[in-house]
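Structural description and commentary
So the chains spell out like this:
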Amino acid sequence: MLERTWLKKQTEITFVLPAGHPAGEVSVVGDFTDWQPGPHPLAEQSDGSRSVTVTLPVSQHHQFRYLADGGHCLDEEEADGHDGCNSLLHT
């Protein structure tokens, strides 16, 4: 799930995964991280879901994926679109 907060020159995007899916560590990777895992790990919340908030400039297009343990990639069903292998996000 994606939650968005629009600010004057930035958009806060909160990436949320349900409790227990998938098991293990998960981070958000994308063109805004140079596809490197680690800068945006999802942290467990009190309800068991996991999330991370990333601030990005407004009026831009980004590609991203969730990267789980073992190199397993996940798509975001609520993304603004998909290009075949990545989820798309418009800020």
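Structure shown above.
Because the structure is a prediction, the values reported are computed rather than measured.

Ranked by internal contacts, the top residues of the largest apolar core, which has 17 residues, are F15, V28, F64 and Y66. Broken down by secondary-structure element, the contributors of at least two residues to this core are β2 (10-17), β3 (26-30), β5 (50-57) and β6 (61-68).

So, about the side chain of T91. Within the secondary structure, T91 is located in the segment after β9 (87-90). The class of T91 is buried, set by a relative accessible area of 13%. Polar side-chain contacts of T91 include one of 2.6 Å to the backbone oxygen of P57. For T91, the contacting residues outside a window of four places in its chain are W6, T11, L56, P57, V58, S59, Q60 and H62.

Attention now goes to the sheet that holds β5. Taken in spatial order, the 4 strands of this open sheet run β1-β2-β5-β4, and their pairing is antiparallel. Of all the strands in the sheet, the pair left with one neighbour each is β1 (2-6) and β4 (43-44). Relative to β5, β4 runs antiparallel, the two sharing 2 bridges. The partner of E44 across the bridge, within β5, is R50.

Once that is clear, we can look at the environment of Q36. With respect to the helices and strands, the residue Q36 is situated in the loop between β3 and β4. With 31 residues separating them along the chain, Q36 and L67 place their C-alpha atoms 9.7 Å apart.

The next thing to look at is unusual backbone geometry. In the segment running from H21 into P22, the intervening peptide bond is cis, with an omega of -15 degrees. If you check the backbone angles, D34 has positive phi at about 55 degrees while not being a glycine. Within the secondary structure, D34 is located in the loop between β3 and β4. A relative accessible area of 61% places D34 in the exposed class.

A word on the environment of D69. With respect to the element layout, D69 can be found in the loop between β6 and β7 (73-74). For D69, a relative accessible area of 46% corresponds to the partly exposed category. Other than its neighbours up to four places away in sequence, D69 contacts G24 and E25.

As a further point, take the side chain of T14. Along the chain, T14 turns up in strand β2. Among the polar contacts made by the side chain of T14, one reaches the side chain of T53 at a distance of 2.8 Å. Apart from the residues within four sequence positions on either side, T14 is in contact with M1, L2, E3, S51, V52 and T53.

How each quantity is defined
- Residues numbered from 1 in each chain as written.
- Predicted model: local features only at pLDDT ≥ 70, side-chain atom pairs only at ≥ 80, totals over all residues.
- Heavy atoms only, no water.
- Core = buried A, V, L, I, M, F, W, Y, C linked by side-chain atoms within 4.5 Å.
- Buried < 20%, exposed > 50% of the residue type's maximum accessible area, 1.4 Å probe, protein only.
- Helix = DSSP H or I, 4+ residues; strand = E, 2+ residues; numbered from the N terminus.
- Polar contact = N/O pair within 3.5 Å; in protein donor to acceptor, adjacent residues only side chain to side chain.
- Contact = heavy atoms within 4.5 Å.
- Pairing = 2+ DSSP bridges.

Spatial relationships are all this shows, so hold off on functional conclusions.
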